[in-house]
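Read off the chains here:
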Amino acid sequence: VRLVESGGGLVQPGGSLRLSCAASGFTFSNYGMSWYRQAPGKGRELVAAIASSGGVTNYADSVKGRFTVYRDNAKNTVYLQLNSLKPEDTAVYYCNTRTRKGDYWGQGTQVTVSS
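Would you take a moment to explain the environment of Tyr 36 for this structure?
By secondary structure assignment, the location of Tyr 36 is in strand 4 (residues 33-38). Between the C-alpha atoms of Tyr 36 and Lys 75, which are 39 residues apart in sequence, the distance is 21 Å. Once residues within four sequence positions are removed from consideration, Tyr 36 is found in contact with Arg 44, Glu 45, Leu 46, Val 47, Val 92, Tyr 93, Tyr 94, Asn 96, Arg 98 and Trp 105. Within the structure, Tyr 36 has its side chain in polar contact with the side chain of Arg 98 (distance 3.4 Å).

Pasting the structure below:
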C-alpha cells in the first residue's frame, strides 16, 4: 500500500488549497479514506473522512463548512479542498486508510497559513 500526498504550501489567511492523495497497492474503491493533521507540538487529529463510495463524509467541527473531502475512484485519488484557511490550520496533513492488512499513512504534506 502506498499513499502519496501533494498540494500543500504557504497560503495567506482566507486562501485556499487543494490537497491530493494518490493511492496504490490496494483496491481503492473498497475502502474509506481519511485526512488527519498534526500541528507543531500537538497530537494528530482527524480532519475529514469519506466512505468507499464517496456517499458519506464526516468532518471535525473545526473545519466544517470550510473543508471538503471527495474522491475519484477511477483515479485512485482522494482530495481535500481547504477554503477560508486560518493560521490555526497550519499543520502537516496526512492521508490514511485502514484495510484488513493494516493501517497505512502517507508521508504528509505541509500546509502553512500565514500573512
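Hey, could you run me through the state of the cysteines in this one?
A full pass over the atoms with the stated rule returns 1 disulfide. The partner cysteine of Cys 21 in its disulfide is Cys 95, sulfur to sulfur 2.1 Å. Here the disulfide of Cys 21 and Cys 95 is left-handed, its torsion about the S-S bond being about -80°. Of this pair, Cys 21 sits in strand 3 (residues 17-24) while Cys 95 sits in strand 9 (residues 91-99), and the two are 74 residues apart along the sequence. Per residue, the accessibility class of Cys 21 equals that of Cys 95, and both read buried.

Would you mind showing me how to read the nonpolar core here?
Nonpolar side chains in soluble globular proteins tend to be buried together. Judged by nonpolar contacts, the single largest core of 28 residues is most densely connected at Met 33, Trp 35, Phe 67, Val 78, Leu 80, Leu 82 and Tyr 93. For this core, the secondary-structure elements that each account for two or more residues are strand 3, strand 4, strand 5 (44-50), strand 7 (67-72), strand 8 (77-82), strand 9 and strand 11 (109-113). Considering every element that reaches this core, the biggest residue donor is strand 3, with 4 residues. Here Leu 80 is in contact with Leu 17, Arg 18, Leu 19, Trp 35, Val 47, Ala 48, Phe 67, Thr 68, Val 69 and Tyr 93, once residues within four sequence places are set aside.

Even after reading the chapter, I still don't get the pairing of strand 4, so can you show me in this structure?
One face of the sheet, then the other: side chains in a regular strand alternate in exactly this way. Where burial is concerned, most of strand 4 is hidden: 5 out of the 6 residues are buried. Between the antiparallel neighbours strand 4 and strand 5 lie 5 residues, among them Gly 41 with a positive phi of about 75°. Sheet topology note: the strand 4/strand 9 ladder contains 5 bridges and is antiparallel. Residue Gln 38 lies in a different strand from strand 9, and its bridge partner there is Val 92.

When you look at the side chain of Thr 97 in this model, what are you seeing that I'm missing?
Relative to the elements of secondary structure, Thr 97 occurs in strand 9. Reaching out from Thr 97, the side chain makes a polar contact with the backbone oxygen of Gly 32 at a distance of 3.0 Å. The contacts of Thr 97, once residues within four sequence positions are left out, are Leu 3, Phe 26, Tyr 31, Gly 32, Met 33, Gly 102, Asp 103 and Tyr 104.

Is there a simple way to think about unusual backbone geometry in this case?
Glycine aside, negative phi is the norm for most residues, and most peptide bonds take the trans geometry. Positive phi, close to 50°, is recorded for Asn 76, a residue that is not glycine. With respect to the secondary-structure elements, Asn 76 resides in the loop between strand 7 and strand 8. Taking relative accessible area as the criterion, Asn 76 reaches 27% and is therefore assigned partly exposed. We note that Ser 84 has phi near 50°; this positive angle belongs to a residue other than glycine. By secondary structure assignment, the location of Ser 84 is in the loop between strand 8 and strand 9.

So, how was this worked out
- Residues numbered from 1 in each chain as written.
- Predicted model: local features only at pLDDT ≥ 70, side-chain atom pairs only at ≥ 80, totals over all residues.
- Heavy atoms only, no water.
- Helix = DSSP H or I, 4+ residues; strand = E, 2+ residues; numbered from the N terminus.
- Contact = heavy atoms within 4.5 Å.
- Polar contact = N/O pair within 3.5 Å; in protein donor to acceptor, adjacent residues only side chain to side chain.
- Disulfide = S-S within 2.5 Å.
- Buried < 20%, exposed > 50% of the residue type's maximum accessible area, 1.4 Å probe, protein only.
- Core = buried A, V, L, I, M, F, W, Y, C linked by side-chain atoms within 4.5 Å.
- Pairing = 2+ DSSP bridges.

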